[in-house]
Amino acid sequence: MNKTELIPRVVENKDWITILFIIALTMVAITKSAFENRFSDFMNLIANNKYVKIYKDSSNLMSWFTILMFVVQLISLSFFVQLVLSYFGYTTKTNWISYIQILTFLSFFVLSKFLVEKIIATSFNIESFIEQFNLFKVSYRTYIGLLLLPVNIVLFYTDFMNSYIIIGIIAILLTINAVTYLISLKNYQNLLLSKLFYFILYICALEIAPYYFMYYVITKR
């Protein structure tokens with residue numbers, strides 16, 4: 001007599017991901033509606049630097065436009081990390097607990113880094129420059145997060161995910177970040193020369209060390 005072994009079928013809930021995408025798209029729609037001209041300039045950020053020139057004042061760093069788009073960036077980037085980890089077998093792309101962990105980690109990392117930057121900038125008397133520098137970086141990184149949103153949707157609802165696509169997307173993200181740094185250094189070169197020593201300390205302490213530490217922790221685990 002043959003034995004029949006019953007294997008429980010676990011069906012993961014995908015509804016939370018659809019809701020997540022709807023929330024992110026709704027926030028984009030609200031931002032576009034409330035800040036129509038600014039959003040239009042922001043969408044052309046990759047083509048020209050008009051947006052950076054118009055909204056270079058440090059007060060824009062804490063504006064509702066920046067905050068809403070920053071939240072969209074966190075949602076989008078966190079889900080992309082979830083997709084990459086699921087491809088390599090560390091989790092599943094529908095595991096909401098993993099997503100919350102990733103989102104919490106990235107939020108804590110970015111906000112704590114921002115707080116430390118404020119403290120060091122105030123101590124070195126370069127607060128105005130660091131705020132402009134951060135606004136420049138946030139603008140481009142938020143733009144990247146917005147571009148990642150439709151990419152996440154396509155990768156989740158299709159079977160296009162493979163190592164080449166992952167490497168390609170990561171390479172594009174790193175390239176944009178590198179170009180952003182080069183552009184920012186060029187735009188603020190006069191101010192940098194007067195604060196060169198403090199800026200080198202800032203780069204080493206807050207732009208290199210945190211990412212190296214995060215890489216070390218992730219690879220060791």
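Note that the coordinates shown come from a computational prediction; the quantities given were computed from them, not determined experimentally. (Residues numbered from 1 in each chain as written. Predicted model: local features only at pLDDT ≥ 70, side-chain atom pairs only at ≥ 80, totals over all residues. Heavy atoms only, no water.)

Undergrad: Whenever I open this one, the nonpolar core confuses me. Can you help?
TA: General note: in soluble globular proteins, nonpolar side chains tend to be found buried as a group. Counting 36 residues, the largest nonpolar core has Phe42, Leu45, Phe79 and Leu146 as its most contacted members. For this core, the elements supplying multiple residues, two or more each, are helix H1 (15–34), helix H2 (36–43), helix H3 (50–54), helix H4 (64–87), helix H6 (127–157) and helix H7 (163–187). Every residue in contact with leucine 146, bar those within four places of it in the chain, is listed here: Val28, Phe39, Phe42, Met43, Met69 and Val72. (Core = buried A, V, L, I, M, F, W, Y, C linked by side-chain atoms within 4.5 Å. Buried < 20%, exposed > 50% of the residue type's maximum accessible area, 1.4 Å probe, protein only. Helix = DSSP H or I, 4+ residues; strand = E, 2+ residues; numbered from the N terminus. Contact = heavy atoms within 4.5 Å.)

Undergrad: Before we go on, may I ask you to explain the packing of aromatic side chains in this structure?
TA: Here a ring pair, both rings aromatic, is described through the centre-centre distance and the interplanar angle of the planes. The tally for this structure, following the rule as stated, stands at 15 aromatic pairs. Aromatic pair phenylalanine 21 and phenylalanine 79: ring centres 5.2 Å apart, planes at 80°, arrangement edge-to-face. Taken as a pair, phenylalanine 21 in helix H1 and phenylalanine 79 in helix H4 lie far apart in primary sequence, 58 residues in all. Seen from their ring centres, phenylalanine 105 and phenylalanine 109 are 6.3 Å apart, and the 20° between their planes marks the pair as stacked. Here the residue phenylalanine 105 and the residue phenylalanine 109 both occupy positions in helix H5 (residues 96–123), the gap between them amounting to four residues, near one helical turn. Judged by relative accessible area, phenylalanine 105 falls into the partly exposed class, the value being 41%. Accessibility expressed as a relative area gives 15% for phenylalanine 109, which makes it buried. An aromatic cluster is built from Trp16, Phe21, Phe79, Tyr99, Phe156 and Tyr157, whose rings are joined through pairwise contacts. (Phe/Tyr/Trp six-rings, centres within 6.5 Å; stacked < 30°, edge-to-face > 60°.)

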